Every structure is written in C-alpha cells, then in structure tokens.
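Letter by letter, the chains look like this.
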Amino acid sequence: MSARRRTLAVFPGSFDPITNGHVDIIARGLQVFDEVTVAILQNLEKRPLFTTEERVELIREAYRGEKRVTVDTFSGLLVDYAVGKGASVIVRGLRAISDFEYEFQMALMNRRLDHRIETVFMMPAEQYSYLSSRLVKEVFQLGGDVRGLVPPAVERKLRDKYGRQATAKPRRA
Ligand code: ADP
C-alpha cells in the first residue's frame, strides 16, 4: 500500500478575535485531518477590532507547540487560496439553523468554483453553540466577563485594548 497523502484542511474566517467556539472546531478538525490552517480573511469592508497581525498573533499564541495548526492570511477566492496551499478541505463550523443558509450557499458556490475542494461542517460542543466573536466583543465592552469563552491571551488582549482590570468570576445562574 502506498503511503496516504496528508490531508490539509483550511479553516477560514474573520477570527476577530478567536473564541473557544473556533478552538472547539479546530480540535475536531485535528481528529479528522492531519493539519488545520486557520486562514484569516483580509476583508477591506469589515472594520475589525483587532488588526490582522494581532489576530494572527493571538491564534499563534493559543497554538504554540501544536505543529499541526498553522495560521495564515488570505484575500481573494477561498478555493484558489486552498488549492495554492495544497489543501483539499474547507472546514466551517455550524452553530445553529441561522448559520445554515449562508453556509449552504457558500459551500455550493465554492464547489462550483472548484470541485476538488470539499467543504466539511462541524458542530461545536453545546456550550459554544451560541458563541460568536461579535457577542464576545459586545459583552466585554459592556463590562461582562468573557473568561471561559475565549483563550486566555484573547481575554488579556481585550483588557489591554479597553484598559480594564480583570473582573470577578461570573456568577452561576
Ligand atoms: P466569518 O466572518 O467567516 O463567519 P468567523 O470568524 O465568525 O468568520 O467564523 C469562522 C468560522 O467559525 C465559521 O465557519 C463560523 O461558523 C465558525 N464559528 C464561529 N463561532 C463558532 C462557534 N461558537 N462554534 C462553532 N463554529 C463557530
């Protein structure tokens, strides 16, 4: 038998910032694929909180020592980027029904653009199924605690950005 080719998956998104929902999907991706490249879309239209360099650095920090996770940036067509990287899979996370319609359109469009790339959807653990980068930013800006929702480096960076001390642990419901 010939040696199996390594399967590289690309996990594209804004990651502004990376949350534990993304981390959960990356962990699931690593169970199925040999390598996961987190690919940050450089989107000139969106006004991100963190610069691309900051987002790259935060993800690097979360995966220091994990050789199977790499971080990169891209612009232009995702399928072109994926092929250029030698990837055969696009991984996307599916949280709720609300994600489905857009993701379905994107997956079919990407298949039409390049049928060699397969899109694979993964569901996060339930506790992350309501989590988004946007919600994390809103909650933090309003004074809420986001520990447990983002990697520690992200929480520190949010505090730096907003010049805030660590808050008390969230109360249990
Ligand atoms: P985009 O702007 O492409 O939606 P995001 O950074 O918000 O970029 O998301 C990147 C990918 O991660 C998407 O597939 C999104 O569905 C997925 N994702 C985001 N948050 C979560 C979460 N809490 N659980 C599972 N998947 C998630």
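Residues numbered from 1 in each chain as written. Predicted model: local features only at pLDDT ≥ 70, side-chain atom pairs only at ≥ 80, totals over all residues. Heavy atoms only, no water.

K.L.:
For the packing of helix H5 (residues 133–141) against helix H6 (residues 152–162), give the residues involved together with the corresponding values.
P.N.:
Remark: H5 packs on H6, axes separated minimally by 11 Å, with the N-to-C direction vectors making an angle of 50°. In terms of orientation, H5 and H6 fall into the oblique class. In the packing of H5 onto H6, the handedness of the crossing is right-handed. Together, Val136, Phe140 and Gln141 of H5 and Leu158, Arg159 and Tyr162 of H6 make up the contact between the two elements. Its residues assigned to classes, the contact of H5 with H6 shows four nonpolar, one polar and one charged. (Axes fitted to C-alpha atoms, helices over the stretch in contact; angles between N-to-C directions. Helix = DSSP H or I, 4+ residues; strand = E, 2+ residues; numbered from the N terminus. Parallel < 35°, antiparallel > 145°, perpendicular 65-115°, else oblique. Left-handed = near helix turned anticlockwise from the far one by under 90°. Contact = heavy atoms within 4.5 Å. Nonpolar A, V, L, I, M, F, W, Y, C, P; charged D, E, K, R; others polar.)

K.L.:
Could you give an account of the pattern of salt bridges, with specific residues and numbers?
P.N.:
With the rule as written, the count across this model stands at 15 salt bridges. Put simply, Asp99 and Arg95 hold a salt bridge, and the shortest N to O gap is 2.9 Å. Note on Asp99: relative accessible area 14%, which makes it buried. Through salt bridges with shared partners, a single network forms among Glu54, Lys157 and Lys161. (Salt bridge = Lys/Arg side-chain N within 4 Å of Asp/Glu carboxyl O. Buried < 20%, exposed > 50% of the residue type's maximum accessible area, 1.4 Å probe, protein only.)

K.L.:
Which residues make up the sheet that holds strand E3 (residues 69–74), and what are the values?
P.N.:
Read across the sheet, five strands follow the order E3-E2-E1-E4-E5 without closing on themselves; strand pairing throughout is parallel. Edge positions in the open sheet fall to E3 and strand E5 (118–122), since each of these has one partner strand only. Neighbour-to-neighbour, the strand axes of this sheet turn through a mean angle of 30°, independent of strand direction. (Pairing = 2+ DSSP bridges.)

K.L.:
Break down the packing of helix H2 (residues 52–62) against H6 for me, citing the residues and quoting the values.
P.N.:
The contact between H2 and H6 brings their axes to 9 Å, and the two run at 145°. Between H2, through Glu54, Leu58 and Glu61, and H6, the contact on the second element is made entirely by Ala153, Val154, Arg156, Lys157 and Lys161. Across the contact of H2 with H6, the residue classes tally to three nonpolar, no polar and five charged.

K.L.:
Outline the site of the ligand, supporting the account with residue identities and numerical values.
P.N.:
Taken together, 16 residues sit near the ligand, with Ser14, Phe15, Gly93, Tyr128 and Leu131 positioned nearest. Here a nitrogen atom of the ligand and a backbone polar atom of Tyr128 are 2.8 Å apart. Protein burial of the ligand: of its 550 Å² of free accessible surface, 88% is covered by the chains. If you list the elements that add at least two residues to the shell around the ligand, you get strand E1 (8–13), helix H1 (20–32) and strand E4 (89–93). Considering only residue class, the shell around the ligand consists of seven nonpolar, five polar and four charged. (Near = heavy atom within 4 Å. Polar contact = N/O pair within 3.5 Å; in protein donor to acceptor, adjacent residues only side chain to side chain. Areas by Shrake-Rupley, 256 points an atom, 1.4 Å probe, with all protein chains shown as cover.)

K.L.:
Explain the pairing of E5 to me, and be specific about the residues and the numbers.
P.N.:
In this sheet, E5 lies alongside E4 in parallel orientation, the contact comprising five bridges. Residue pairing for E5: Gly93 is matched across the bridge by Met122. Assessed by its sense of winding, the connection that carries the chain from E4 through helix H4 (residues 97–113) to E5 is right-handed. (Right-handed = clockwise from strand over helix to strand, strands pointing away.)

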